[in-house]
Amino acid sequence: MSITSEEKQKQIARFQRNHKDTGSSEVQAAILTAKIKSLTDHFKVHKKDHHSRRGMLGLVSRRKKVLDYLKNTDYQKYLKTIQDLELRK
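Residues numbered from 1 in each chain as written. Predicted model: local features only at pLDDT ≥ 70, side-chain atom pairs only at ≥ 80, totals over all residues. Heavy atoms only, no water.

Comments concerning the confidence of the model for the protein chain
For the protein chain, per-residue confidence averages 94 on the pLDDT scale, and 98% of positions sit at 70 or higher. Highest mean pLDDT in the protein chain belongs to helix H3 (residues 50-73) (96); lowest belongs to helix H1 (residues 5-15) (94). (pLDDT = per-residue confidence, 0-100. Helix = DSSP H or I, 4+ residues; strand = E, 2+ residues; numbered from the N terminus.)

Here's what the structure looks like:
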């Protein structure tokens, strides 16, 4: 149900600002989005897994907070991140 370390490293490499960046807002949003997509696929098979669904809602809330922070600090990076993660149209 969680993402693999290779997937996590791929998301970090894709969204990092420099070669040492592992915790910027863009990277955090990308990792949370990968986890949410993984859980979404899990729920297609396991429809009654309500405990994991509650955890996913927490991840969605955390991603929303990270994106709100990014929106308030740097709107252009927010728009680029939203577009790259394919969250909204």
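Topic: H1
Among all positions of H1, only Gln11, Ile12 and Phe15 are buried. The buried residues of H1 occupy an angular sector of 100 degrees when the element is viewed end-on, so they sit on one face. Facing away from the buried side of H1, by more than 90 degrees, are the exposed residues Glu6, Lys10, Ala13 and Arg14. Considering only its buried residues, H1 is in contact with helix H2 (25-45) and helix H4 (75-85). (Buried < 20%, exposed > 50% of the residue type's maximum accessible area, 1.4 Å probe, protein only. Arc of directions from axis to C-beta. Contact = heavy atoms within 4.5 Å.)

Topic: the packing of aromatic side chains
Evaluation of the coordinates by the stated rule reveals one aromatic pair. Here the basic side chain of Arg53 rests over the ring of Phe43, its NZ or CZ set 4.4 Å away from the ring centre. (Phe/Tyr/Trp six-rings, centres within 6.5 Å; stacked < 30°, edge-to-face > 60°. Lys NZ or Arg CZ within 6 Å of the ring centre and 35° of its normal.)

Comments concerning unusual backbone geometry
Negative phi values dominate among residues other than glycine, just as trans dominates among peptide bonds. For Glu86, which is not glycine, the phi dihedral falls at a positive 55 degrees. Note that Glu86 resides in the segment after H4. Judged by its relative accessible area of 66%, Glu86 falls in the exposed class.

Thoughts on the environment of Met56
Mapped onto the elements, Met56 comes out in helix H3. Along the sequence, Met56 and Leu87 sit 31 residues apart, while their C-alpha atoms lie 16 Å from each other. Those residues in contact with Met56 that lie beyond four places of it in its chain are Ile36, Leu39, Thr40 and Phe43.

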